[in-house]
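Now for the letters of each chain:
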Amino acid sequence: MSFTVEVLLAALGTYLMRVSVIALAAGRELPERLRNTLRLIPAAVLPALVANALVFDGSSVRPLGPWYVAFALALLVSIRTRSIGWTLGAGMVAVWVATAVWP
Amino acid sequence: MSGAAFTIGSRRALVLAVGVLPFGIVYGVAAADSGVGAGPGLLGSLAIFAGASQLSLLELHLDGAAWTVAVGTALVINARFILYSAALSPAFTEFPAPWRFGLCHLMTDQAATLSLIEFDTQRDPVERRWFYLGAALTLFGFWQFGTLVGILGGAQVPDGLQLGFIIPLMFTALSAPAIRDRPAVTAAVVSVGVTIGTSWLPAGTNILLGALIGVATGALVTPTGTRT
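Residues numbered from 1 in each chain as written. Chains lettered and ligands numbered in written order. Predicted model: local features only at pLDDT ≥ 70, side-chain atom pairs only at ≥ 80, totals over all residues. Heavy atoms only, no water.

K.L.:
Requested: an account of the overall build of chain B, with residues and values cited.
P.N.:
Helix and strand content of chain B: 11 helices and zero strands. Relative to a compact globule of 228 residues, whose C-alpha radius of gyration would be 17 Å, chain B shows 18 Å and is just as compact. Projected onto its principal axes, the C-alpha positions of chain B cover 55 × 45 × 35 Å. Out of the 228 residues in chain B, the part that is buried amounts to 53%. Contacts in chain B between residues far apart in sequence, at least 24 positions, make up 78% of those at least 6 positions apart. Total accessible area on chain B is roughly 9,000 Å²; 69% of this is exposed by carbon and sulfur atoms. (Helix = DSSP H or I, 4+ residues; strand = E, 2+ residues; numbered from the N terminus. Rg over C-alpha atoms; globule rule 2.2 N^0.38 Å. Buried < 20%, exposed > 50% of the residue type's maximum accessible area, 1.4 Å probe, protein only. Contact = heavy atoms within 4.5 Å. Areas by Shrake-Rupley, 256 points an atom, 1.4 Å probe, with all protein chains shown as cover.)

Below you can see the structure in the form of structure tokens.
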């Protein structure tokens, strides 16, 4: 099948997933307990994305190396400053330095 | 009208949008090199607008995978949008329908998270939608620009820059403001454990499973000891 058709099918499916709960919930007041639970979603999804990108390199486990060192530092910066800019900046410098000096 | 909220949103997203740019270029270069054509390549960024799934779709297409596998894998990778859809639904339900359905297409991990953090303190639905639009459109613009640069310029992104590291970095930076109390810490820890423990599952389903079990576990924890 042509790439264009595959793109359009993936786009349609992705849009339907983006709309899904928003369309179902429209005009309804959700109970507070449920809203509090939904509020936990970024706290669960984001660290999962981090772990998956850090610990795995394709289908193999990433061996101990500069990424882990730089990540530990970035995590500290992130917790201390809660600044996205500082975390990205410090993390990138850390990974360059760590890669350069890693034996 | 709320131009101020739009500006705040786009400013908050700017550094993330810059971080996303190299991956737009990587996708654009891959699309140009693959011979699928500039138009279909760009269409991927405009219509799907989700980097990891776009790269996966392109790769599987080139490998000659069946369309069901190529499209299905892209959709599994993007299934976490159902979770963001749920998280955003209480706020989105107060938007007029054209806004609601339009803003959905611009949903990304970054725009959704930045907005959810903002919505904790910003209650006005008008300010909320302009904030989301500002953040989401900034990310969208940079992604399209990166794609175009990759397709037209064919600029190679050097390996030595360790750009792959931006992915865990970006989501770490977004996590800190999203994890502020015991239920959230619990959700995060459980989610990471399950994601790593079930990495043998196909493309991205480990993330989905981790997130779901994380949220369910976090919901059982009483929100005392709230940190700021």
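K.L.:
Requested: an account of the overall build of chain A, with residues and values cited.
P.N.:
Per the secondary structure count, chain A includes five helices and two strands. Written out in order from the N terminus, the α and β elements of chain A read α-α-α-β-β-α-α. For chain A, the C-alpha radius of gyration of 20 Å lies well beyond 13 Å, the compact-globule estimate for 103 residues. In chain A, of all internal contacts separated by at least 6 residues, the share reaching a separation of at least 24 is 26%. A total accessible area of about 5,400 Å² is found for chain A, and carbon and sulfur atoms account for 70% of it.

K.L.:
Pulling in residues and values, what's your account of the domain arrangement of chain B?
P.N.:
The figure often quoted for interface size is the accessible area lost as the parts come together. All names here are of chain B. Taken domain by domain, chain B holds domain 1 (3-177) and domain 2 (179-228). A separation of 23 Å is found between the C-alpha centroids of domain 1 and domain 2. On the side of domain 2, seven residues touch domain 1, which itself brings 10 residues to the contact. Where domain 1 abuts domain 2, roughly 700 Å² becomes buried across the two surfaces, and 66% of that area is made up of carbon and sulfur atoms. Three residues, Val76, Leu83 and Pro177, lead the burial of domain 1 against domain 2; their summed loss comes to 47% of the area buried on that side. Across the salt bridge formed by Arg180 and Asp120, the nearest N and O atoms sit 2.6 Å from each other. (Domains from an automatic or database assignment. Buried area = accessible area lost by both parts, 1.4 Å probe. Salt bridge = Lys/Arg side-chain N within 4 Å of Asp/Glu carboxyl O.)

K.L.:
I'd like a description of helix α1 (residues 3-25) of chain A, backed by residues and values.
P.N.:
In this model α1(A) runs 34 Å from its N-terminal to its C-terminal C-alpha over 23 residues, within 8% of the 33 Å that 1.5 Å per residue would give. For α1(A), the complete set of buried residues consists of A:Phe3, A:Glu6, A:Val7, A:Ala10, A:Ala11, A:Gly13, A:Thr14, A:Met17, A:Arg18, A:Val19, A:Ile22 and A:Ala25. Where α1(A) is buried, its residues touch α1 (3-34), α2 (38-48), α3 (51-62), α4 (67-78), α5 (80-92) and α6 (97-105) of chain B. Where α1(A) ends, the next residue or the one after it, A:Gly27, has phi of about 80 degrees, a positive value. (Expected span 1.5 Å × (residues − 1).)

K.L.:
Could you give an account of the domain arrangement of chain A, with specific residues and numbers?
P.N.:
Here chain A is partitioned into domain 1 (1-39) and domain 2 (42-103). Between the C-alpha centres of domain 1 of chain A and domain 2 of chain A there is a distance of 30 Å.

K.L.:
Any chance you could break down the interface of chain B and chain A for me, citing the residues and the numbers?
P.N.:
Taken residue by residue, the interface counts 85 residues in chain B and 63 residues in chain A. Across the chain B to chain A interface the summed buried area is about 6,400 Å²; carbon plus sulfur atoms make up 76%. Counting the surface chain B buries against chain A, the share from its top three residues, B:Gln162, B:Phe165 and B:Leu169, is 10%. Taken together, the connections running from chain B to chain A amount to one salt bridge.

K.L.:
Go over the nonpolar core, please, and point to the residues and values.
P.N.:
Formed by 91 residues in total, the largest nonpolar core has its most connected members in A:Ile41, B:Leu88 and B:Phe165. Among the elements that take part in this core, helix α3 (residues 41-55) of chain A stands out by supplying 10 residues, more than any other. Setting aside residues up to four positions removed in sequence, A:Ile41 forms contacts with B:Leu83, B:Tyr84, B:Ala86, B:Ala87 and B:Val215. (Core = buried A, V, L, I, M, F, W, Y, C linked by side-chain atoms within 4.5 Å.)

K.L.:
Can you lay out the packing of aromatic side chains for me, pointing to particular residues and giving the numbers?
P.N.:
Inspection of the entire model under this criterion finds six aromatic pairs over all chains. Plain terms: the ring middles of B:Phe92 and B:Phe95 are 5.0 Å apart, the flat faces sit at 40 degrees to each other, and that makes the pair tilted. Put simply, the rings of B:Phe6, B:Trp99 and B:Trp130 pair up and form one aromatic cluster. Taking NZ or CZ as reference, A:Arg18 lies 4.2 Å from the ring centre of B:Phe81, over its face. Above the ring of A:Trp67, the side-chain terminus of A:Arg62 is found at 3.8 Å from the ring centroid. (Phe/Tyr/Trp six-rings, centres within 6.5 Å; stacked < 30°, edge-to-face > 60°. Lys NZ or Arg CZ within 6 Å of the ring centre and 35° of its normal.)

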